[in-house]
Amino acid sequence: MSGHHLIEHIKAKPVRRVAQVAAASDLSWNRDQVAHNVEQLHVLSRRGLWGVLLFLALSAAALLLSQGTVPAVAQAELEAIIGPLPSVDLLNLVLGVSWLSALVLILGRRGSDGRPGYSWCNVGLPAAFYPLYVFCDTTGTYFPVVFLAGLVLLLLEHCFVVSYTAKAIKEETARLERLRD
């Protein structure tokens, strides 16, 4: 029993001033954390816009390339190396399946109300169809289809990200106001 009383006497007693200082530092840390969260949300919303601009630039380059004589010459050389190229109908089928899959994924992420992520794959996947169509469709007939398919997906994803970030920024700003009070 004497050991138990000894431990009770050794235990440190809390000091109120230390608790007050810790609470004040937690408050400033929370303010910094909220400000950092708001900045990260702004970065996320701008990343989607940069992705749309990058897709537009890639689309312009693909359009210029498809209008030249390079695709016809490259198509002949490519066929000599790897054999016959896939038909445009097969590319249309793959583009349709890819587009529908991407749409389901975008809508699925929207339904979960989780924090949307943005990956540069969102730009790369639609743009990956340009070289295929440039070599397999030297007339450039399907360029508008590929362009609109990619643009619709990117703008839809960007709208969802902007919607989420606007809501989250509003919540973080309200939290910051509560911390100031």
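Going by the structure above, here's the rest.
Residues numbered from 1 in each chain as written. Predicted model: local features only at pLDDT ≥ 70, side-chain atom pairs only at ≥ 80, totals over all residues. Heavy atoms only, no water.

Q: Looking at this structure, how should I read the pattern of salt bridges?
A: Two side chains of opposite charge can pair, provided their charged atoms sit close to one another. A complete count under the given rule lists two salt bridges for this structure. One salt bridge connects Arg-46 with Glu-39, and the closest N-O pair in it is separated by 3.4 Å. One salt bridge connects Glu-172 with Arg-175, and the closest N-O pair in it is separated by 3.7 Å. Taken together, the residues span about one helical turn, with Glu-172 and Arg-175 both in helix H7 (residues 143–180) at a distance of three residues. (Salt bridge = Lys/Arg side-chain N within 4 Å of Asp/Glu carboxyl O. Helix = DSSP H or I, 4+ residues; strand = E, 2+ residues; numbered from the N terminus.)

Q: Please clarify how the environment of His-36 should be interpreted in this entry.
A: Counting through the fold element by element, His-36 comes out in helix H2 (residues 16–67). C-alpha separation for the pair His-36 and Glu-172, spaced 136 residues apart in sequence, amounts to 10.0 Å.

Q: What's the story with the nonpolar core in this structure? I'm lost.
A: Taken as a class, soluble globular proteins show a tendency for nonpolar side chains to be buried jointly. The biggest cluster of nonpolar side chains holds 18 residues, and the ones touching the most others in it are Phe-55, Leu-95, Phe-129, Tyr-130, Tyr-133, Val-146 and Leu-154. Secondary-structure elements contributing two or more residues to this core are H2, helix H4 (88–111), helix H5 (121–127), helix H6 (129–136) and H7. Counting residues per element, this core draws most heavily on H7, which supplies five residues. (Core = buried A, V, L, I, M, F, W, Y, C linked by side-chain atoms within 4.5 Å. Buried < 20%, exposed > 50% of the residue type's maximum accessible area, 1.4 Å probe, protein only.)

Q: Please clarify how the side chain of His-158 should be interpreted in this entry.
A: By secondary structure assignment, the location of His-158 is in helix H7. Exposure remark for His-158: the relative accessible area of 14% places this residue in the buried category. Here His-158 is in contact with Ser-45, Gly-48 and Leu-49, once residues within four sequence places are set aside. (Contact = heavy atoms within 4.5 Å.)

On their own, these measurements won't tell you what the molecule is for.
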